[in-house]
Amino acid sequence: MPSYVVVGASRGLGYEWLRFLSQDPSNAVIGLARTPGPVEAQLAADKITNVRIFKADMLDHRSLTIAASEVSEVTNNSLDHLIVNGAYLGPDASFITPTEFVGQEDLLRREFIKNLDVNVIGVIHSINAFIPLIRKGTTKKITVISTGLADLELAQKANIAFSVLYSSTKAATNMVVAKYSAELRGEGIILLALSPGVVDTATGPPPPEHIPRMQEMGAEFANIYPHFKGPITPAQSVPLMKKVIDNMTIEDSGAFLSHLGSKEWL
Ligand SMILES: NC(=O)c1ccc[n+]([C@@H]2O[C@H](COP(=O)([O-])OP(=O)(O)OC[C@H]3O[C@@H](n4cnc5c(N)ncnc54)[C@H](OP(=O)(O)O)[C@@H]3O)[C@@H](O)[C@H]2O)c1
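Remember, it's a predicted structure, so these values are computed and weren't measured experimentally.

1. A short note on helix α4 (residues 105-135)
Compared with an ideal rise of 1.5 Å per residue, which puts 31 residues at 45 Å, α4 spans 43 Å between its outermost C-alpha atoms and is within 8% of the ideal. Of all the bends in α4, the greatest, near 35 degrees, is centred on Gly122.

2. A word on the environment of Gly122
Along the chain, the position of Gly122 falls in helix α4. Put simply, Gly122 and Trp265 are 143 residues apart on the chain and 24 Å apart in space, counted from C-alpha to C-alpha. Sequence-distant contacts of Gly122, that is, excluding residues within four places in its chain, are made with Met58 and Asp117.

3. Things to note about the layout of surface pockets
Roughly 250 Å³ of volume is contained in the second largest pocket. In terms of lining, the second largest pocket is formed by 16 residues, of which the most central are Leu149, Ala155, Ile160, Ser163 and Ser167. Of all the secondary structure elements, the ones that give two or more residues to the lining of the second largest pocket are α5 (152-157) and α6 (164-184). Ranked by the residues each element gives to the lining of the second largest pocket, the list is headed by α6, at four residues. Class assignment for the residues of the lining of the second largest pocket results in 11 nonpolar, four polar and one charged.

4. Things to note about empty space enclosed by the protein
Counting across every chain of the model gives one cavity of 30 Å³ or more. By volume, the largest cavity amounts to about 60 Å³. Of all elements in the fold, only α4 and α6 reach the threshold of two or more residues within the lining of the largest cavity. In terms of residues, the lining of the largest cavity owes the most to one element, α6, which gives three residues. Looking at the lining of the largest cavity residue by residue, the class counts come to six nonpolar, four polar and one charged.

Reading guide: rules and limits
Residues numbered from 1 in each chain as written. Predicted model: local features only at pLDDT ≥ 70, side-chain atom pairs only at ≥ 80, totals over all residues. Heavy atoms only, no water. Helix = DSSP H or I, 4+ residues; strand = E, 2+ residues; numbered from the N terminus. Expected span 1.5 Å × (residues − 1). Bend = angle between axes of the 7 residues up to and from the residue. Contact = heavy atoms within 4.5 Å. 1 Å grid on protein atoms, 1.4 Å probe; cavity = no way out; pocket = protein on both sides within 12 Å on 5 of 7 lines; lining within 4 Å. Points joined across faces, edges and corners; volume = space filled by probe spheres on them. Nonpolar A, V, L, I, M, F, W, Y, C, P; charged D, E, K, R; others polar.

Structure representation (structure tokens):
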């Protein structure tokens, strides 16, 4: 019975991972969420009965360690797949370019630390909490959900000067994944930083002041990828990502790939 833990599974792509994986009754599927109640209610509303939810916050390594011991009871002390999905996507500084932080230094520091805390340190806490279980698993795969915005070559090509903090912390995450790979490859543990594509996970309309820069980003994507017609759905992205994870071998460990299994980000 392949076992999966999805960290940051309350909504968006994280919830879709739970929904998708639960369709195979041979999977043991566990989601971690900061607030289990609403995700448990959503699972019940969707009539999904074979997913367990435990409480954990990526900012709190103790909560992840406690969750790992709860998972261990369900999975017989092992884990095949860890998917670290949760991320800080705070909107406050998302659409600010580097020079626009002049005069907003406090915002720069506050938001950079929030991005770093979840997107980099929270990823390390998540992996370290579950590595004892992964070591005893069969598949031994750890996937961290990254973003094409963290790709240096895309950043050089695309005229998208905002999303400085999110993109650069996700780029740091890619390096963290490569470092784990260097440490754990000898144990047969496979690491991957995986971009989901551009996916519509919005729960409501964007604030009007963000719309011009969102349109700018869409136009820039379309300029680089003429086939780009807009975001895909979580239900389209997750099966593509699953295929990439399934195809990963120890030789590929530490890679940063898209949902298409390549460096094509859209
Ligand atoms: N959507 C896209 O187009 C896109 C593109 C590229 C990359 N990604 C990546 O894909 C992943 C999912 O994105 P999404 O669009 O589904 O985002 P989302 O809808 O905003 O969901 C973010 C998830 O992260 C969780 N989270 C945030 N802080 C957390 C913490 N401290 N501890 C535990 N969980 C935490 C949230 O939980 P709460 O409900 O508790 O806040 C939520 O489940 C992220 O890694 C994101 O960077 C998304």
